[in-house]
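Chains, contacts and geometry: an overview
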Amino acid sequence: MFPTAATPSGAEVCPVPPEELTPAKVGLEEEIEKFFGSLRSKTVGVAELLRSLNLKPIADSVRRAYKNVWHSQHNPTAIARLLVYKELQGIKSTGTLARLCKRNAAALGIDKVPGWRTLRSCCSREVEELVKWTAEKIREIAEQYGARLLYEEQDKKGKPSREEARKICKLAEKYVFSILNISSDYHNSKYSNEDMLNLLLHAALSNDFAENASKTLRESRPNWSVPDADTLLYHIKYHTKYGERRKERTKEEVEQMFIKAFDAIFKMAKRQNPKLFEGKKDVAIDFTDWLFYGKPDTQMVVGTKPMRGTHRAYKFGTICIVENGTRFTLLALPVENEDRREEEMVRVVEKLLKYATKKIKINRVYADRWFYRTEIVDVLRKFGLNFVIQAAKTPWVKKVIEENKDELPVVVEHMLKRNRPPYMKERVKLFIVRSDKSEDGVVCFATNLDVDEKSAERYAELFKRRWGIETSYRVENNFRPKTTSKSPVVRLFYFMFSVCVYNLWVIANLILSSASAAVSEKPIITAKMFIIAMQTDLAEKPPP
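Residues numbered from 1 in each chain as written. Predicted model: local features only at pLDDT ≥ 70, side-chain atom pairs only at ≥ 80, totals over all residues. Heavy atoms only, no water.

What about the overall build of the chain?
Selection rule: Numbering goes from the N terminus for both helices and strands, where a helix is a DSSP run of H or I of at least four residues and a strand is a run of E of at least two. Each residue gets one of three labels from its accessible area relative to the maximum for its type: buried under 20%, exposed over 50%, partly exposed in between, using a 1.4 Å probe on protein chains only. We call two residues contacting when some pair of their heavy atoms lies within 4.5 Å. Exposure was quantified through the Shrake-Rupley algorithm and a 1.4 Å probe, taking into account, for residues, occlusion by the shown protein chains and nothing else.
The helix and strand tally for the chain stands at 20 helices and 15 strands. Looking at the chain as a whole, 52% of its 544 residues qualify as buried. Across the chain, contacts joining residues at least 24 apart in sequence account for 66% of those joining residues at least 6 apart. Carbon and sulfur atoms make up 49% of the accessible area of the chain, which amounts to about 27,900 Å² in all.

Structure (structure tokens):
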């Protein structure tokens, strides 16, 4: 029976027949699978990949496309590599391809690069169709194995200059910080919006309270205009147009302001590097706690699992791209309802997915044990998304593990049920694999993917990408100023501000990496240097 395609409403459409593979495509797919199956690194350059693959089926098609005898001076295998390289790199014309590959012929294992006329004459319809299919299959199988393809930038070399870093800071100030308007509307206000944000950045840099950050910033930068902590917090909490009665800012206003800021960061990133969000991306969705030690009836504080002397916290849901090299938080939203906390968390998940699906194409969604519930699977199905969720070891799951402990990995069908209103049930596949990290030596996952015993371990390995969201939480905490304020507006502002600064730092490194053609697992610009650069840019901005 053919698989059916899901729609966001959950309805089914006409069956989609599987693709009929020609012998040429079968051979190429086996070759690509073999390459990534033996790959030990998580990253591989496009040139290295093509040099290692046997592209004989494409070379045979190229040979059939030869128009004139003088083409025989060029190796069809070399032309096949160049055409797949063109498709993977997104190069538009054969002229550009011939010019760029002269600089990179050795890396591709090519002795003599053909001219653009030769390349164009070899591109028959058969060749073009097979080249596009091969490039797409390379991307697809790379995703399955969690490998990152490194795309060479041919025209840019060297380390990023200070001017390039400053340019990104100026873009952040222009497109993002202008949205975070917390200064007075009065035209003769003593402190500008840049002064307020500068103090926040310094508090984030030093991971300190606003009061102490104000004192240290004044001492280190006596020529800068630095507000005190009371002024900063007042302007965050209130609309402060002088001559009128002050009006308290609402949580909804702060939330909408930061959603606009997230939109601006996303657009800025796409404008600077269109490749960043191309194709389908793996995302992780999770909740993080900002622990609270005050009274339990404090506004926006909800219950959480006991940790470090408290079971109360400000809780936020986030959705984050967790691709290798692109860990970017698309959106963060607060959980506010303590009385119906779990229902509120499900609603937050739905809001996060609705936002994310408008921004990117989602490949798979990863989530931890809390998300192993019927309501979440129902939401994911409504959006037509593939998912891998770590499953709780219920008595039934433990029985399956015990029965198959000598035959792992194992895949079984399972029906998730909600036994209270609104009643619902969702069918999933459970796959159980061995794990050194688990106390009982096994780990269990729920998915709607077409997983079997052969692919189960690979999907379990891909699930490790979810830890990228934990890494982002750890770094975002370093960007968050400290506070003892019980104001939900201040808490919400501080949290969302830290996520925005984290996103800007991630985007800065991705843009700088692209500009310098540098390939490194370490950030090109450290968080500290990035914040200092932004502070300097804000402080040097002329008054309006």
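Don't stop here, the text continues.
Re the layout of surface pockets
Selection criterion: For cavity detection a 1 Å grid was placed over the protein atoms alone, and a set of points counts as a cavity when a 1.4 Å probe fits there but cannot get out; an open set counts as a pocket when protein lies on both sides within 12 Å along at least five of seven lines, with lining residues being those that have an atom within 4 Å of a point. Grid points are joined across faces, edges and corners, and a volume is the space filled by probe spheres set on the points. All residues other than Ala, Val, Leu, Ile, Met, Phe, Trp, Tyr, Cys, Pro, Asp, Glu, Lys and Arg, Gly among them, are scored as polar; the first ten of these are nonpolar and the last four charged.
When its volume is computed, the second largest pocket comes out at roughly 1,000 Å³. Going through the elements one at a time, strand E7 (280-291), strand E8 (302-307), helix H14 (341-359) and helix H18 (467-478) are the ones with two or more residues in the lining of the second largest pocket. Here the lining of the second largest pocket gets six residues from one element, more than from any other, and that element is E7. Of the residues in the lining of the second largest pocket, the class split is 12 nonpolar, six polar and 13 charged.

Let's talk about the packing of aromatic side chains
To keep it simple, the criterion reads: Stacked, tilted and edge-to-face pairs are distinguished by plane angle, under 30 degrees for stacked and over 60 for edge-to-face with tilted covering the rest, among Phe, Tyr and Trp rings (Trp via its six-membered ring) whose centres lie within 6.5 Å.
Summed over the entire model, instances satisfying the criterion amount to 17 aromatic pairs. Considering the side-chain rings of Tyr366 and Phe463, the 6.0 Å spacing of their centres and the 85° angle between planes classify their relative orientation as edge-to-face. Of this pair, Tyr366 sits in strand E11 (residues 361-367) while Phe463 is found in the loop between helix H17 (456-462) and H18, placing the two residues 97 residues apart along the sequence. Classification of Tyr366 by relative accessible area gives buried; the value is 0%. The exposure class of Phe463 is buried, given its relative accessible area of 4%. For the pair Phe493 and Phe497, a centre-to-centre distance of 6.4 Å together with 15° between the ring planes defines the contact as stacked. Of this pair, Phe493 and Phe497 both sit in helix H19 (residues 488-516), four residues apart, which is roughly one turn of that helix.

Brief notes about the environment of Met345
Tracing the backbone through its elements, the reader meets Met345 in helix H14. When the C-alpha atoms of Met345 and Phe371 are compared, they prove to be 9.9 Å apart, with 26 residues separating the residues in sequence. For Met345, the contacting residues outside a window of four places in its chain are Phe287, Lys315, Val335 and Trp370.

A few points about the packing of helix H4 (residues 76-89) against helix H8 (residues 125-144)
Condition: Only the stretch in contact is used when fitting a helix axis, every axis being a line fitted to C-alpha atoms; angles between N-to-C directions are given from 0 to 180 degrees. What sets the label is the angle itself: under 35 degrees gives roughly parallel, over 145 gives roughly antiparallel, 65 to 115 gives roughly perpendicular, and the rest give oblique. Two helices that cross are described as forming a left-handed crossing if the nearer one is turned anticlockwise from the farther one by less than a right angle, and a right-handed crossing if clockwise.
At a closest axis distance of 9 Å, the pairing of H4 and H8 adopts a crossing angle of 55°. One way to sum up the angle between H4 and H8 is to call them oblique. Crossing angle aside, the handedness with which H4 passes H8 is right-handed. Residues Leu83, Val84, Glu87 and Leu88 of H4 touch H8, and the partners they reach there are Val127, Val131, Lys132, Thr134, Ala135, Ile138 and Arg139. In terms of residue class, the contact of H4 with H8 is built from seven nonpolar, one polar and three charged.

Quick look at the side chain of Thr329
With respect to the helices and strands, the residue Thr329 is situated in strand E10 (residues 326-335). According to the relative accessible area criterion, Thr329 is buried, its value standing at 2%. Once residues within four sequence positions are removed from consideration, Thr329 is found in contact with Phe262, Thr318, Ile319, Cys320, Ser472, Glu476, Val499, Tyr502 and Asn503.

Some words on the nonpolar core
For clarity, the threshold we go by: The set of buried Ala, Val, Leu, Ile, Met, Phe, Trp, Tyr and Cys residues whose side-chain atoms join them within 4.5 Å is what this entry labels a nonpolar core.
Phe177, Phe258, Phe493, Tyr494 and Phe497 are the most contacted members of the largest nonpolar core, which totals 115 residues. Sorting elements by how many residues they give to this core places H19 first, with 20 residues. In this structure Tyr494 touches Leu200, Ala210, Leu232, Leu233, Ile236, Trp290, Arg480, Pro481, Lys482 and Thr483, once residues within four positions along its chain are discounted. Of all hydrophobic cores here, the second largest spans 32 residues; its members include Leu83, Leu130, Val131 and Ile138.

Considering the pattern of salt bridges
Operational definition: By definition, a salt bridge exists where a carboxyl oxygen of Asp or Glu is found within 4 Å of a side-chain nitrogen of Lys or Arg.
In total, this model carries 19 salt bridges according to the counting rule given. Lys25 is paired through a salt bridge with Glu129; the nearest N and O atoms lie 3.0 Å apart. Of this pair, Lys25 sits in helix H1 (residues 23-38) while Glu129 sits in helix H8, and the two are 104 residues apart along the sequence. Glu129 gets classed as partly exposed once you look at its relative accessible area, which sits at 41%. In this structure, Arg418 engages Glu375 in a salt bridge whose closest nitrogen and oxygen atoms are separated by 2.5 Å. Placement of the pair is Arg418 in strand E13 (residues 410-418) and Glu375 in helix H15 (residues 374-382), with a sequence separation of 43 residues. Glu375 matches Arg418 in its accessibility class, with the two residues each being buried. One salt-bridge network, held together by shared partners, links Glu29, Lys137 and Glu140.

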